[in-house]
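Structural overview for review
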Amino acid sequence: MIKPAVLSLLIFCTLALTASTDSLRNVIKGAMSNEKAYHYNNYAIMFQNINWDSTLHFAHLALSHATIHNQRVQAARAYNLIGKGLIYKGRLSEADNYIDSAQLLNKNLKNETSVEILINKGMIQEHHAIYAIALEYYQKALIVAEEIQSTTGKARALNSIGIINKELEDYEEALKSFLGALEIAEKQNIISNRAFISNNIGTIYDLMGDTQNALNYYEDALTLNEQLGNTMAIAYTKHNIGIIFKTLNQYKKADRYFQSSLKTAINQNDALAIAYNYHHIADMYLRQNKTRQALNYANKSLKIAEKQHLSTATFQNYKLISRIYQKMQQPDAALKHYTRYTQLKDSVFNSQSQKRIEDIQNAYQRVHIEKRIALLEKEQKQNQLELEKSNAKIRNRNTMLFILSSATILILLFGGVLIAQIKEKKEAIYKLNIRNEEINQQNEEIKVQRDNLSELNKRITAQKEEIQCQNEALEEQNKLTVAQRDKIYEQKQHLTDNITYASRIQKALIPPTHLFKSFFTDWFVFNRPQGIVGGDFYWLHETNDGMIMAVADSTGHGVTGGFMSILGISMLNDIVIRQGKTQTNEILDELRLQIVNLLHQDEKTAINKDGMDISIIRFDKANQSYQFSGANHKAYIIDQKTNELSEVDGDRMPISIHHNMNERFKATTGSFTHSDVFYLFSDGFPDQFSGNSNRKYLYKNFKQLLIQNIAYPLNEQHDSLATEFYAWKAGLEQTDDVMIIAVKI
């Protein structure tokens, strides 16, 4: 039977999320410019294990401010946090690049960030099941944590070492490391750390067959994480409790815990958690002889594990699928998958890895032995110095006694006192001699240990030569695999490069920002495409008497939307600049006509309905008036003095083929003051689904958010919108392109 694979959180969530978005804005607003990187890094840490998208958002802001002010320490923290977030998003190659940048900036420094960098480097290797190198990073992190006397760093390193020992099935050593980390967490009284380590201890007891102890630790971890609201930590612990009930053949309870954990993992896009939940649901179905359902879930788990390069999960799924085919009486398929399982497992737990791990452990022990030798030698020198001082004092007293022995009887009466003192000193000398003998004996033991280390080094040298031969053989075996991997990566990179180049073309067509600066007193553009390129776009053109501005949402998103946006920008340039049309309704009429003709749209068949929704507004600064038209779009105007919101509606028809093509677009006119703020937007923000409630944000909440922030400058309104957007989607996939523009005249 397959041993339970345990989902271990590889981080400590050291702070609970206690600050609202309002308090966050107030802290950042009140901070000096050169302090913002520090605060943004702290908020990135707060969102760890709650919402990785938010962590990445704040870490990027911290990196931007740290770069401007040349703050190497804060830049290193930001790079490391971005790398950590990318690890949990399954983007290991990108994560490694960011963490390397953090290591370069933090070079030659020994601080908390040094410990974090080493642990994150180890996490990447652990995800690839390269346990020897992962253990080496964790041991280095432990040494640095001890040198800088960081109890938190020591606890993290011990926990990570415990995870590696668990993967290597050395459960006694794993339990020892976890209990050491738990002792530190209890002394510090950090609830999140206690919860995390309790979950790992429960894992070890489960693997050792002590079900009751495992369940007790899991329940403690679940209670603590529910107090903190640690979403993914709750999911991991529920997964592990599900394994316990599966082992006890209580399948209804097990399924309830697995499904709850899986729902959270999907919302947070946690590939590792999704893969292992699918794996254990498949194993649960196999135990009930439901082979078809078991095979379905096992294949789902295998697909994710191979895509994300999760080596351990991959070979465990091959073994599970082999058992399923054996139960289905398909011996050929069972043998094929079992052979693949043994090949992958051998590549992870080969002799080379085991010897590398022994080398690392011996090296760590050697460091501690050498420290002990240095302390003993220092103590011996101190005792020798004290002995020499005592001998000098005795010689002086003996000389004085010889002189006084020929003196008067009165002096002889005091001789007894001197004799007593001499006896006392002899006893001290005797004790010092005894101590020196003990030290000499310890020195002999140390010499034996040194000889043993010398012999160990010889064996290690021989093993290295053997490993080198094995490496050469392994390199030949890996050539084909590497070549195939590189080919797939090259194809993917080529496709990504093409789309990225298309994005550059699209951005080049967007009007330059100096048009905003030349006409408006304040403004912001909140543009978040769903992919590399998007279908939402904006357009500006300054006329003799004012400014014309448009915000459009093209059909579709991604590459298809990008094509439509380029067409829209080109057509607006033709209609306004070449043809000279400036009435907003006439611009939309002509734009619809050109789209219908260019795309050969036919009202009778109505097969091709590609086009766009758009809002267009013309400002007359001299007369303080505006003209607005919209195709399935509207605009908001909010007075900063009164907080009143006015809604300007467009027509309910698109820029594409329509059932009544004779119907013309209308234009709405009005006046404005210098306290009015105009908002033009697509439907991406209101239509975004929440990662917590799976419901849309909606326009009523969107309007309320704008009103709440109206008193702030527009650049701060932009930051508030970004914070609210990432907090709302909470790790869920972005539904559509998002475009919001605000201007003040």
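Just above, that's the structure.
About the cut-offs
Residues numbered from 1 in each chain as written. Predicted model: local features only at pLDDT ≥ 70, side-chain atom pairs only at ≥ 80, totals over all residues. Heavy atoms only, no water. Helix = DSSP H or I, 4+ residues; strand = E, 2+ residues; numbered from the N terminus. Buried < 20%, exposed > 50% of the residue type's maximum accessible area, 1.4 Å probe, protein only. Contact = heavy atoms within 4.5 Å. Areas by Shrake-Rupley, 256 points an atom, 1.4 Å probe, with all protein chains shown as cover. Phe/Tyr/Trp six-rings, centres within 6.5 Å; stacked < 30°, edge-to-face > 60°. Lys NZ or Arg CZ within 6 Å of the ring centre and 35° of its normal. Salt bridge = Lys/Arg side-chain N within 4 Å of Asp/Glu carboxyl O.

1. Overview of the overall build of the protein
- In terms of regular secondary structure, the protein is built from 25 helices and 10 strands.
- The proportion of buried residues among the 745 residues of the protein is 48%.
- Pairs at least 24 residues apart make up 68% of the contacts formed inside the protein by residues separated by at least 6 positions.
- Of the roughly 37,200 Å² that the protein leaves accessible, carbon and sulfur atoms contribute 51%.

2. A short note on the packing of aromatic side chains
- One pass over the full model with this rule turns up 30 aromatic pairs.
- When the ring of W52 is compared with that of Y88, the centres are 4.7 Å apart and the planes differ by 10°; the resulting orientation is stacked. Of this pair, W52 sits in helix α3 (residues 52-68) while Y88 is found in helix α4 (residues 72-88), placing the two residues 36 residues apart along the sequence.
- W52 sits in the buried class, given a relative accessible area of 6%.
- With relative accessibility at 11%, the residue Y88 sits in the buried group.
- For the pair F681 and F702, a centre-to-centre distance of 5.3 Å together with 75° between the ring planes defines the contact as edge-to-face. Taken together, the positions of F681 in strand β9 (residues 676-681) and F702 in helix α24 (residues 699-708) put the pair 21 residues apart, joining distant regions of the chain.
- Joined through ring pairs, the aromatic side chains of F526, Y636, F681, F685, Y697, Y699, F702, F725, Y726 and W728 make up one cluster.
- When the ring centre of F519 is taken as origin, the NZ or CZ atom of K621, which lies over that ring, is 4.4 Å away.
- The ring of Y699 carries the charged tip of K634 above its face, separated from the ring centre by 4.6 Å.

3. Some remarks on the pattern of salt bridges
- Evaluated as defined, the whole model comprises 19 salt bridges.
- With a shortest N-O distance of 2.8 Å, D589 and R664 are connected by a salt bridge. Within this pair, whereas D589 is found in helix α23 (residues 584-598), its partner R664 is found in the loop between β7 (645-649) and β8 (668-671), the two being separated by 75 residues in sequence.
- Classification of R664 as exposed rests on a relative accessible area of 54%.
- Close ionic contact of K634 with E647 constitutes a salt bridge, the shortest N to O distance being 3.3 Å. Remark: E647 occurs in strand β7 and K634 occurs in strand β6 (residues 634-639); sequence separation between them is 13 residues.

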